[in-house]
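Breakdown of the fold
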Amino acid sequence: MKSRLLFLALGASALAADPNPKADDIAGNEAVKKIMETRPGRGVMRDDTPPTPPQEALKKFKTRSDVAIDLMASEPVVEQPLYVSWDSKGRMWVTQYRQYQFPAGLKIISYDQHLRAKFDKVPLPPPRGEKGADKITVFEDTDGDGFFDKHEDVITGLNIASAALHGMGRIWVLNPPYLLSYPDADFDAKPDGDPEVELSGFGLEDTHSVATNLQWGMDGWLYGANGSTTTGNVSSANTKNVKWEGQCIWRYHPRKKTFEIYAEGGGNTFSLDIDSKGRIFSGTNGATRGMHYEQGSYGIKGWGKHGPLTNPYAFGWFEHMKHEGDNKRFPQAFTVYEGGLLGSAYEGKIIAPNALHNLVYVSERIADGSTFRTKDEEQLITTTDRWFRPVWAGVGPDGGFYMADWYDTRLSHVSPVDDWHKTSGRIYRVRPASGAPKLKPFDLSKASGEELLGYLSHTNEWFRKQAIHEIAWRNMTELVPKLKAMPLTLETLWALDALNAVEAVPINHSDPYIRRWAWKMAGEGQALPTFREEKNLEVCAQILASAKKLPSAGALFLLRAGDIEDESGHLPLLAWWALESKAEKERETVFKYFKADPAFLQTKLFREHLAEKLAKRYAIAGGEENLNSCADLFALTNDEALRGKFIAGIASAFEGAEMPKLPDSLTKALNDYMAKQSGGDLTLALRSGNADALKNALKLLSDTKASNTARIAIAKTLAELGKQEAVMPMVGILKATNPPSLKRGMLQAAAKFDDKRIPEALLLGWEGQIAGDKALREDALRVMAGRKEWAQILVSFVNDWKVPVKHFTIDIVRQLSLHKDADIDAAIDKHWRGLLVTGPTPEKKKEAERIKAVLKTGLGDADKGKLQFMARCFICHKLFNEGGTIGPDLTGYDRANVDFWLDNMFTPSLEIREGFGAYIVKTKGGQILTGLIDAQDGIGIVIKDMANNKTPVKQADIEKMEASPISLMPEGLTTGMSDADLKDFFAYLMKK
């Protein structure tokens, strides 16, 4: 490496003391200051491990045999690099996030349970606001030798700047809460003046998950990602107050000045990639490779922490791409490699750095219906340097794979202490082992039309896309004749579209990706083509996505694109989201279409996926007009099976509540249906206020000849409706000799009644009717622990030795402690003293050291250890594809590390894996429920307890919901195990 790059080789002397603010600098009050000074951090926190100088760190990498790694930049020139992009001259723009984690000039006035901050004010946009330490640095290779020989800080004083991108003669900078654009007409990479505020309203609550990753889409929009723990209320010149909570992909049209959410959901969407076909992906903080987004789609979220979807009628969501291979979390950085340099072994593959485990994956994308699944190949890179924290990945103009390395021993954001190592950071490039790529200096902003057209077939996707962007930005309409004379490719279509020169969208082309983009163009406002049968699932997905954006008059017939088998299940959801978008806004056209095309009502798509959702959607929305629409659905058909789907949708809308007064037309339709069904659906009849329904329901509840399933279903309905008459039949079932499964079902229903007869029945018959079945016994204890008065009765029985202390699990004792009652607390102190201590203690440390000493003498029989796992861990955790889902899948963790296991067994609350944090829900009816948020929508939430019982709670019934700082995982997991048991148990846990 040349001498002019000696700054890259600086050693530890460059790592000066960190300029980290203290609590007094940023706390807005004493309460916040106390949190900052006392709250323990979770996750991978900073330690005393020394950093490795850049050139020495380079030697620690182990790569695939066909590639090598170059250090392209490092401290002190690069510190805390977060995002990288390239401009039309091939200059590399690095966003340095040196202000992280606290915005300059703001005071924190409160934290929520997830450590999301509320600030004392909204910062002014740069340069008017407080000057921060963030900056944008541009690197250039002026002699084409493959390495940077020039760098310059072009914008400084930024304050939480997360991405910078050049284009359209401007420098676009995400500096939440703003998207700024600086003029740069002479393309010298320096602003010509102050920036314009293009967007405002991006959230700052958690600066590790702000809006970031700016990219130019091939449709002329500017795309970005928003992380999981910030919100948005974004406005532009022509779009106002677009609101959301949590993760999403968004886009902004710089000419039309409009903003919209492109798709929602995912893990922590802190990365974004648009592949050579225009498809959109992001990495994740989970154990898969990430998310694939269709336009207008909704994805899985951590509901309790990240909030609901913007659409309360989504009624479903996309999951992450299915994955086969290493499932360690988390590969948050993500790119699809299409650079043409590394060779066919990498082309089209996902390259995903994992900052938590200091390695980089290569994964194949495999079609999975209309989406993809992924499969790991040999890892690209590993290192023993635990400071290696790659937070961004992408492909440069030279075809190399680039990474921005945050370079810090700390990784977790879940701490209010700013002890980040702010003076370190590296940029790496992976290239062929045969030598570094050399790229002669170029300037696409001055390239001729012929040159730009030549780039449309370049082997590197970057050049193909950048040439199209330049054609668009320079409005080179003179190229239209030549473009039309060229064979139609995706690139020529993009260029023509950018010049508004597409006369007819090519939906009949032989290339499915051209057809897919043609339908996307139709959704963006091009002339709507006539729909013909389409069998390519990706094209069908885009047709449905475009149907959501189009007016119903032309869009509803496009729903037929979803009437095709799709093993991923995406197409039916896309069809639903398209139909739902018009259900109210264009109601008249929707019903007109149904009447004009009755054959559509007989399709598998409508009968199995749309009918029930549509009825449910109208019923939930409520009001006379929507309830009349429910009746209008009945009027569409005499098909009793299809009517049954409508009824099921209406019934599900009113779960947990009695139906409101319905329009006469709907009441008649429901009554007619129930009459034809010989009494019909009794649960529906109950909710609709049918005169005989309550009597019949109580009769069924007490009927020992009726199925347990039917009795449980009717009990739950009676409980949801608050029918006090059901209490005595339920008590009778709990007191009598009945199957445990029936009693467990009754317990979940009975828990909704605030009636002392229920705990008395359980406790008076404890020995004979309850205690013999472990699952029933623990359900009964959880139900009683959930109400203060019942809990008081329960602990009185424990104090009198009528209920054994040993029957209580730690989660039940924790539930008791939530009541903050003196008598209950005294009982806890008497019977379970020390059980609720969650932090490290000398006793725990001593026991952990004892277990380590036992294991040093050797491991035991893994097959016997599996039995221990099944007894102690199986209900919550999956290992080797067996087990529950209440806790994380353990397979992909560092299982060979004894300390990993012991830390999590003895102090599980010190690091709670995201997505598995418990919530405490207090209902207006007096119940306290604890568990995971299993689902969340416009109706309410579903909370799942340690026994996997799922309890739906309507939003209107929730008095308070908060995250628990305590892990659901019980401590003392190894209690009662002999040395031989321990050896067997750990042999199974650590099995390769």
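The present account deals with the structure reproduced in this document.

Considerations on the overall build of the protein chain
- For the protein chain, the count of helices and strands is 33 helices and 37 strands.
- Against the globule reference of 30 Å for 992 residues, the protein chain gives a C-alpha radius of gyration of 31 Å, in line with a compact fold.
- If one aligns the C-alpha atoms of the protein chain with their principal axes, the spans along those axes are about 90 × 75 × 55 Å.
- Expressed as a percentage of the 992 residues in the protein chain, the buried residues total 59%.
- Restricting the contact set of the protein chain to residue pairs at least 6 apart, pairs at least 24 apart contribute 65%.
- By element, 51% of the accessible surface of the protein chain is carried by carbon and sulfur atoms, the whole surface being about 38500 Å².
- Side-chain charges in the protein chain split into 126 positive and 131 negative, and the spacing between the mean points of these groups amounts to 3 Å.

Concerning unusual backbone geometry
- Of note, the amide linkage connecting E75 to P76 takes the cis form, showing an omega dihedral of 10°.
- Mapped onto the secondary structure, P76 falls in the loop between β2 (67–74) and β3 (81–86).
- Cis geometry is found at the peptide bond from R329 to F330, where omega equals 5°.
- Unusually for a residue other than glycine, K820 sits at a positive phi of about 55°.
- Examined against the element boundaries, K820 turns out to sit in the loop between α28 (810–817) and α29 (822–831).

Looking at helix α21 (residues 708–720)
- Counted at 1.5 Å a residue, the expected span for α21 with its 13 residues is 18 Å, and the 18 Å between its end C-alpha atoms agrees.
- Restricting attention to buried positions, one finds in α21 the residues R711, I712, I714, A715, T717, L718 and A719.
- Buried residues belonging to α21 abut α19 (682–687), α20 (693–702), α22 (727–735) and α23 (740–750).
- Looking one or two residues beyond α21, the residue adopting positive phi is G722, at roughly 70°.

Quick word on the packing of α22 against helix α24 (residues 757–764)
- The contact between α22 and α24 brings their axes to 9 Å, and the two run at 10°. Here α24 runs roughly parallel to α22, going by the angle between their axes. On the side of α22, the interface is formed by V727, M728, V731, L734 and K735, while α24 contributes R757, I758, A761 and L762.
- Across the contact of α22 with α24, the residue classes tally to seven nonpolar, no polar and two charged.

Considering the environment of P195
- Among the secondary structure elements, P195 is positioned in the loop between β11 (178–183) and β12 (196–202).
- For the pair P195 and Y182, spaced 13 residues apart in the sequence, the C-alpha separation amounts to 4.2 Å.
- Discounting residues that sit within four places of it in the chain, P195 has contacts with P126, P127, L180, S181 and Y182.

About the thresholds
Residues numbered from 1 in each chain as written. Predicted model: local features only at pLDDT ≥ 70, side-chain atom pairs only at ≥ 80, totals over all residues. Heavy atoms only, no water. Helix = DSSP H or I, 4+ residues; strand = E, 2+ residues; numbered from the N terminus. Rg over C-alpha atoms; globule rule 2.2 N^0.38 Å. Buried < 20%, exposed > 50% of the residue type's maximum accessible area, 1.4 Å probe, protein only. Contact = heavy atoms within 4.5 Å. Areas by Shrake-Rupley, 256 points an atom, 1.4 Å probe, with all protein chains shown as cover. Lys, Arg positive; Asp, Glu negative; His and termini not counted. Charge placed at Lys NZ, Arg CZ, Asp CG, Glu CD. Expected span 1.5 Å × (residues − 1). Axes fitted to C-alpha atoms, helices over the stretch in contact; angles between N-to-C directions. Parallel < 35°, antiparallel > 145°, perpendicular 65-115°, else oblique. Nonpolar A, V, L, I, M, F, W, Y, C, P; charged D, E, K, R; others polar.

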